[in-house]
Amino acid sequence: MDRPVLLTGAGGRVGQAVLRDLGPKYDWRLLDREPLSRDKLPEGTSKDDVIVADITDRPALREAVSGVGAIIHLAGDPRKTAPWTSVLRNNIDGTQALYEAAVNADVEKVAFASSNHAVGHFETETRTPEMYRENDDFRLDGSEHPRPGNLYGVSKATGEFLGRYYYDEYDLSTVAVRIGNLTKDHPPRNYERGHAMWLSHRDCAHLFDRCIQADYGFEVVYGISDNDRKYYSIDRAKDVLGYNPQDNSAEYHFDGTPKDEVPQ
Ligand SMILES: NC(=O)C1=CN([C@@H]2O[C@H](COP(=O)(O)OP(=O)(O)OC[C@H]3O[C@@H](n4cnc5c(N)ncnc54)[C@H](O)[C@@H]3O)[C@@H](O)[C@H]2O)C=CC1
Ligand SMILES: O=C1O[C@H](COP(=O)(O)O)[C@@H](O)[C@H](O)[C@H]1O
C-alpha cells in the first residue's frame, strides 16, 4: 500500500494491537474521538497524523480519508450490552459515514471490525457447550446469514451489509472481520467460549495486515487464532487473505497459563 492507511478507533484495544506490530509498516492516519497519548502513537507518527473526531462527523471524515488508500474501521461501541441509541449512532451511522467518505475519496479497500456477536444466536441451547469443544465439528464459515445475539450484534451485521452495498454499488473492496475475543498474552481465563474464539494480539495485527495487502471483492471472514477448539472456520481468511495465524489456545491451560511454562 503506497498511500496512507486510516485506522479508526486507533486508541482502543484492537487499534493498539494493530499499531504495536504494524506501526513501522504503514504511513498511518489515526482517528479516534479521544485524544491519543504519545505512548499510543507508533514511532514516526506525529500529532499531525492524528484526527480527534467522532466517526459521525462527516466533514471531519472527509478530511481524514483524503488521499488514503485503505481503511481499518474499528471505531464504535464494542459493548455487547450497548443500548440501541448508542449502536445506532456510533456503529451504524458511523459506519455508513465512513463508507460514504471512502467512496467519495476513491479509497481502494476497507476492513471492517465485525463481531462474533453478529452470529451469536447460532449458539443455541442444544449446541452449547459442546460446540466450544475440540471434538465438536460444528463450524460457521462466513457464508451463513447473520444471527445476531444482541443489538450490538445487529449493528455489526448492519455494518457488514453496508460493506456489501458499497462493494456492489461502488466497487469498494471490503472485508468484514468477525472478530472473536482479543486478549493479550493468553486466551480469556476460565472461559470455554473464549478459548474457542481467542484472537491473540499478533494474529490480530497480522490478519489486518493481510486485509490491507490482499486482493478481494467482498468478504466475510472470522478473526480468531488457530485454536484447536473452534466453531468458526478460518479457511476463508487463509485462502483469500493469506492469513497464517501463529497462536492456539490449546497451548494454554484453561486458567490462561502457558502449558510449556517451566515451574520455578
Ligand atoms: N476487542 C474485541 O475482542 C472485539 C472487538 N470488536 C470490534 O472491534 C472494534 C474495536 O474494539 P475494541 O478495540 O475492543 O474497543 P475499544 O473500546 O477498546 O476501542 C474503541 C475505540 O474507538 C473509539 N470510538 C468509539 N466510538 C467512537 C466514535 N463514535 N467516533 C470515534 N471514535 C470512537 C474509542 O474512543 C476507542 O478508542 C469495535 O468496533 C468492536 O466492536 C469485535 C469483536 C471483538
Ligand atoms: O464483540 C465483542 O466480542 C468480544 C467477545 O465477546 P464475549 O461475549 O466473549 O465477551 C468482547 O470481549 C468485546 O468487547 C466485544 O466488542
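Residues numbered from 1 in each chain as written. Chains lettered and ligands numbered in written order. Predicted model: local features only at pLDDT ≥ 70, side-chain atom pairs only at ≥ 80, totals over all residues. Heavy atoms only, no water.

S.K.: Which residues make up the site of ligand 1, and what are the values?
M.R.: Near ligand 1 lie 25 residues; those nearest to it are Arg13, Asp32, Leu74, Tyr152 and Lys156. In the environment of ligand 1, an oxygen atom lies 2.8 Å from a nitrogen or oxygen atom belonging to the side chain of arginine 13. Within the backbone of isoleucine 55, an N or O atom sits 2.9 Å from a nitrogen atom of ligand 1. When the free accessible area of ligand 1 is taken as 820 Å², the share hidden by the protein chains comes to 90%. For the shell around ligand 1, the secondary-structure elements that each account for two or more residues are helix H1 (13-22), strand S5 (109-115), helix H4 (151-170) and strand S7 (181-182). (Near = heavy atom within 4 Å. Polar contact = N/O pair within 3.5 Å; in protein donor to acceptor, adjacent residues only side chain to side chain. Areas by Shrake-Rupley, 256 points an atom, 1.4 Å probe, with all protein chains shown as cover. Helix = DSSP H or I, 4+ residues; strand = E, 2+ residues; numbered from the N terminus.)

S.K.: Lay out the pairing of strand S2 (residues 28-32) with the relevant residues and their values.
M.R.: Looking along a regular strand, one sees side chains alternate from face to face of the sheet. Where burial is concerned, most of S2 is hidden: five out of the five residues are buried. The alternating pattern of S2 places Trp28, Leu30 and Asp32 on one face and Arg29 and Leu31 on the opposite face, and all of these are buried. Where strand S1 (residues 5-8) lies against S2, four bridges are found, and the strand directions are parallel. Looking at the pairing, threonine 8 lines up with leucine 31 of S2. (Buried < 20%, exposed > 50% of the residue type's maximum accessible area, 1.4 Å probe, protein only. Pairing = 2+ DSSP bridges.)

S.K.: Please set out the UniProt feature "domain: NAD-dependent epimerase/dehydratase" (unreviewed entry) in the protein chain residue by residue, giving values where relevant.
M.R.: The UniProt feature table records "domain: NAD-dependent epimerase/dehydratase" (unreviewed entry) at residues 5-183. Note that residues 5-183 is 33% helix and 18% strand, and that its end C-alpha atoms are spaced 24 Å apart. (UniProt positions renumbered as here; feature names shortened; annotations may be inferred.)

S.K.: Can you explain the packing of H1 against helix H6 (residues 201-213)? Please cite residues and give values.
M.R.: Following both chains from N to C, one finds H1 and H6 inclined at 80°, their axes separated by 8 Å at the closest point. Accordingly, the angle class assigned to the pair H1 and H6 is roughly perpendicular. Counting all contacts with H1, which are made through Val14, Ala17, Val18, Arg20, Asp21 and Leu22, the residues of H6 involved are His201, Arg202, Cys204, Ala205, Phe208 and Asp209. Its residues assigned to classes, the contact of H1 with H6 comprises seven nonpolar, one polar and four charged. (Axes fitted to C-alpha atoms, helices over the stretch in contact; angles between N-to-C directions. Parallel < 35°, antiparallel > 145°, perpendicular 65-115°, else oblique. Contact = heavy atoms within 4.5 Å. Nonpolar A, V, L, I, M, F, W, Y, C, P; charged D, E, K, R; others polar.)

S.K.: Quick one: what's the story with the site of ligand 2, residue by residue and with numbers?
M.R.: Lining the immediate environment of ligand 2, one finds Arg13, Pro78, Lys80, Ser115, Asn116, His117, Tyr152, Gly180, Asn181, Tyr191 and Arg193. The side chain of lysine 80 places a nitrogen or oxygen atom 2.8 Å from an oxygen atom of ligand 2. Serine 115 is positioned such that a nitrogen or oxygen atom in its side chain is 2.6 Å from an oxygen atom of ligand 2. Relative to its unbound accessible surface of 380 Å², ligand 2 loses 80% to contact with the protein. Across the shell around ligand 2, the residue classes tally to three nonpolar, five polar and three charged.

S.K.: How would you sum up helix H2 (residues 58-65)? Please name residues and give values.
M.R.: Regarding H2, the residues found buried are Ala60, Leu61, Ala64 and Val65. Projected onto a plane normal to the axis of H2, the buried residues spread over an arc of 125° and lie on a single side. Exposed side of H2, more than 90 degrees from the buried face: Arg62 and Glu63 are the residues found there. Among the structural elements, S1, S2, strand S3 (50-52), strand S4 (70-73) and helix H3 (84-104) are those in contact with the buried residues of H2. Near the N-terminus of H2, the side chain that reaches the backbone nitrogen of alanine 60, with its oxygen 3.1 Å away, is that of aspartate 57. Once H2 ends, the next one or two residues include glycine 67, with phi positive near 85°. (Arc of directions from axis to C-beta.)

S.K.: Just give me the short version of the pairing of S4, but keep the residues and values in it.
M.R.: In S4, alternate side chains face the same way, and those of Ala70 and Ile72 on one face and Ile71 and His73 on the other are all buried. Where S4 meets S5, four bridges bridge the pair, whose relative direction is parallel. Paired with histidine 73 across the two strands is phenylalanine 112, which belongs to S5. For the segment spanning S4, H3 and S5, crossover handedness is right-handed. (Right-handed = clockwise from strand over helix to strand, strands pointing away.)

S.K.: If you had to explain a negative patch on the surface to someone new, which residues and values would you point to?
M.R.: On the surface, Glu134, Asp228, Glu251, Asp260 and Glu261 cluster together into a patch of negative charge. Here glutamate 251 lies in the segment after helix H7 (235-241). Overall, the relative accessible area of 43% leaves glutamate 251 in the partly exposed class. (Patch = residues over 30% accessible without salt bridge, like charges linked within 9 Å, V, L, I, M, F, W, Y side chains within 5 Å. Salt bridge = Lys/Arg side-chain N within 4 Å of Asp/Glu carboxyl O. Lys, Arg positive; Asp, Glu negative; His and termini not counted. Charge placed at Lys NZ, Arg CZ, Asp CG, Glu CD.)

S.K.: Give a description of the side chain of aspartate 209 that names residues and reports values.
M.R.: Relative to the elements of secondary structure, aspartate 209 occurs in helix H6. In this structure aspartate 209 comes out as buried when scored by relative accessible area, which is 9%. A distance of 2.8 Å separates the side chain of aspartate 209 from the side chain of lysine 25, its partner in a polar contact. When sequence neighbours within four positions are dropped, the list of residues in contact with aspartate 209 reads Leu22, Lys25 and Tyr26.

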